[in-house]
Amino acid sequence: MKLVVSCSSVQTTVDILDEAEGENSISTLGQLRERIAADNDVDAETMKLLHRGKFLQGEADVSLSTINFKENDKIIVMGGKNAMADDAGFKMLMQYEKHNLSNLQKTYDVNLRDVADLERGFLEKPKQVEMGKKLEKKVKFFNEEAERHLETLDGMNIITDATPENQAKRNREKRKTLINGIQTLLNQNDALLRRLEQYMAILNGDILE
């Protein structure tokens, strides 16, 4: 059975109650805590594991079969000293996400709202055309801005010779998550641009409604 573990915005998976693993099978609460602590560089003694709104509690020898786990259940790691937060590469990615990518999402949301307002047709036709031209520039500029963010993330030196391999893996996964998020916004923005261009074609009489 696979569980999804979320720690400091990074998700990993862990297999439990897998008979094929033999002696390496994770079958007790203690073994689960040790694996999660090792995979996420947190202190097993001070971390808490949240599952379906409740903290997992009990002795180390408690069998996981007695806990109501289901396939792909999510466990959230809370507390514990987290080495990821002290890693320069990971910290760089987190700061970039906070100061740049959240604003990118807000920009897309504003453009989406403005296109929807235009499509309502409340303005006179000349003003709609004028507004549409301005929006088209904004939507196209969004693509340019998003592409710059992709280039910046790709060029970030988030791994050094001193970075432990497990930390390097997390840094790569975090960067991949950010890149995938930007690419999703780019796809959505492309669809928005096509939608706007179609509406402008209708306004200009190039196509019939």
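Residues numbered from 1 in each chain as written. Predicted model: local features only at pLDDT ≥ 70, side-chain atom pairs only at ≥ 80, totals over all residues. Heavy atoms only, no water.

1. With respect to the pattern of salt bridges
Summed over the entire model, instances satisfying the criterion amount to 10 salt bridges. Between Asp114 and Lys138 there is a salt bridge; the shortest N-O distance is 3.3 Å. Taken as a pair, Asp114 in helix 2 (residues 88-119) and Lys138 in helix 3 (residues 125-155) lie far apart in primary sequence, 24 residues in all. Relative accessible area serves as the criterion here: at 13%, Asp114 is assigned to the buried category. Among the salt bridges present, the one from Lys140 reaches Glu136, with a minimum N-O distance of 3.3 Å. (Salt bridge = Lys/Arg side-chain N within 4 Å of Asp/Glu carboxyl O. Helix = DSSP H or I, 4+ residues; strand = E, 2+ residues; numbered from the N terminus. Buried < 20%, exposed > 50% of the residue type's maximum accessible area, 1.4 Å probe, protein only.)

2. Notes on the domain arrangement of the chain
Partitioning the chain into domains gives domain 1 (2-78) and domain 2 (88-204). If you average the C-alpha positions of domain 1 and of domain 2, the two centres end up 35 Å apart. Listed as interface residues are eight residues of domain 1 and, on the opposing side, seven residues of domain 2. Interface area, domain 1 with domain 2, both sides summed: about 510 Å², of which 41% is carbon and sulfur. Among the residues of domain 1 in contact with domain 2, Ser9, Val10 and Asp41 are the three that bury the most area, contributing 67% of the side total. At the boundary of domain 1 and domain 2, one finds zero salt bridges. (Domains from an automatic or database assignment. Contact = heavy atoms within 4.5 Å. Buried area = accessible area lost by both parts, 1.4 Å probe.)

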